[in-house]
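Chain by chain, the residues run as shown.
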Amino acid sequence: MFELYLDTANVQEIARLDAAMPVFGVTTNPSILAKEGKGLAEVLPAIKDVLGEQARFHVQTVSTTTEGMVEEAIQISQLPYDIVVKIPTTEIGLAAMKQLKSKNISILATAIYSAQQGFIAALCGADYLAPYVNRIDVLGANSVNVVSDLQLLIKQQNLSCKLLPASFKNTRQVMDILRLGVDSITLSTDIAAQMMAHPSVQPAVDVFTNDWQGAFAGKLAYQS
Ligand code: E4P
């Protein structure tokens, strides 16, 4: 089943978008929570109220040592939610992933900028890989190549991790990545809204409304 996440901690925006699309869960990072000015204790229950019991949360550690990340990941994973712990894919983060693998904690390797970096995270036991699509592109590399290389390596080595590309800044990037057949994506609220929108849609609907009112003023379709 495809997993569509929102990359936000804004509860109102999550409620608005979940009403119109099947939101599987939410991804957060320290910058997202800092922007809302709210911690996990406030944000997670409020989002669960909106999305329901089955919502999955990807929550990032903020520790700067391997030992700190492992301890923080253990604590985060014990929160009463469907939690995947996000670990930055640095050398110390990879060391934490290796240790967490044996503790049966779900891990997302975040801040992936290259296929080789993501491949090592997959070998360390990450359950999800989050390549940063727009950040890769603005550095002059090609996010589609990074994601398709990761798909190839995961398949060749029969690894079980999923791809969860993140950091999209336009819908073309989203479509380029979806076309590869990834398992999941996470979208900012702006980009999620743009996925539903097209400037021609409302004018087309307005014509239908005007034509209908001209012929059947005040009646609904089943009353005509
Ligand atoms: C998700 O896991 C990342 O934290 C996030 O998508 C980064 O996106 P940005 O490049 O928009 O900050």
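If you're wondering where the values come from, they're calculated on a predicted model, not measured in any experiment. (Residues numbered from 1 in each chain as written. Predicted model: local features only at pLDDT ≥ 70, side-chain atom pairs only at ≥ 80, totals over all residues. Heavy atoms only, no water.)

J.: Give a detailed account of the layout of surface pockets, specifying residues and quantitative values.
T.: Where empty space is left becomes clear once a probe the size of a water molecule has been rolled over the atoms. Here the largest pocket is characterised by a volume of approximately 510 Å³. Together, 26 residues line the largest pocket, and Asp 7, Asn 29, Ile 32, Lys 169 and Ser 188 are the ones closest to its centre. Broken down by element, the residue count for the lining of the largest pocket peaks at four residues, all from helix α2 (residues 30-36). (1 Å grid on protein atoms, 1.4 Å probe; cavity = no way out; pocket = protein on both sides within 12 Å on 5 of 7 lines; lining within 4 Å. Points joined across faces, edges and corners; volume = space filled by probe spheres on them. Helix = DSSP H or I, 4+ residues; strand = E, 2+ residues; numbered from the N terminus.)

J.: Just give me the short version of the site of the ligand, but keep the residues and values in it.
T.: Lining the immediate environment of the ligand, one finds Asp 7, Asn 29, Lys 86, Thr 110, Tyr 132, Arg 135, Ala 166, Ser 167 and Lys 169. A distance of 2.7 Å separates an oxygen atom of the ligand from a polar side-chain atom of Lys 86. In this structure, an oxygen atom belonging to the ligand sits 2.7 Å away from a side-chain N or O atom of Ser 167. About the coverage of the ligand: the protein hides 84% of its 340 Å² of free accessible area. Using a 2 Å cut-off from the grid points, one finds that the ligand occupies the largest pocket. (Near = heavy atom within 4 Å. Polar contact = N/O pair within 3.5 Å; in protein donor to acceptor, adjacent residues only side chain to side chain. Areas by Shrake-Rupley, 256 points an atom, 1.4 Å probe, with all protein chains shown as cover. Sits in = over half its atoms within 2 Å of the grid points.)

J.: An account of the pairing of strand β4 (residues 82-88) is needed here, citing residue identities and associated values.
T.: For β4, a buried count of six out of seven residues is recorded, marking the element as mostly surrounded by other parts of the structure. On the question of chirality, the crossover connecting strand β3 (residues 56-60) to the parallel β4 by way of helix α4 (residues 66-77) is right-handed. Where β4 lies against strand β5 (residues 107-112), four bridges are found, and the strand directions are parallel. Bridged to Val 85 within β5 is Ile 107. Handedness of the crossover is the feature at issue here: the chain leaves β4, passes through helix α5 (residues 91-101), returns alongside β5, and the resulting connection is right-handed. (Buried < 20%, exposed > 50% of the residue type's maximum accessible area, 1.4 Å probe, protein only. Right-handed = clockwise from strand over helix to strand, strands pointing away. Pairing = 2+ DSSP bridges.)

J.: How would you sum up unusual backbone geometry? Please name residues and give values.
T.: Positive phi, close to 55°, is recorded for Asn 158, a residue that is not glycine. Checked against the element boundaries, Asn 158 lands in the loop between α8 (143-156) and β7 (162-163).

J.: So, the packing of α4 against α5: which residues are in play, and what are the values?
T.: In the contact formed by α4 and α5, the axes pass within 8 Å of each other and the chain directions differ by 45°. Our classification of the angle between α4 and α5 gives oblique. You can see that α4 and α5 cross each other, and the crossing is right-handed. Here Thr 66, Met 69, Val 70, Ala 73 and Ile 74 of α4 lie close against α5, whose contacting residues are Ile 92, Gly 93, Ala 95, Ala 96, Gln 99 and Leu 100. Split into classes, the residues belonging to the contact of α4 with α5 amount to eight nonpolar, three polar and no charged. (Axes fitted to C-alpha atoms, helices over the stretch in contact; angles between N-to-C directions. Parallel < 35°, antiparallel > 145°, perpendicular 65-115°, else oblique. Left-handed = near helix turned anticlockwise from the far one by under 90°. Contact = heavy atoms within 4.5 Å. Nonpolar A, V, L, I, M, F, W, Y, C, P; charged D, E, K, R; others polar.)

J.: So, the side chain of Thr 28: which residues are in play, and what are the values?
T.: Along the chain, Thr 28 turns up in the loop between β2 (25-27) and α2. Among the residues examined, Thr 28 registers a relative accessible area of 1% and is labelled buried. Once residues within four sequence positions are removed from consideration, Thr 28 is found in contact with Asp 7, Thr 8, Ala 9, Leu 33, His 58, Val 59, Gln 60 and Lys 86.

So yeah, pure geometry; function would need other evidence.
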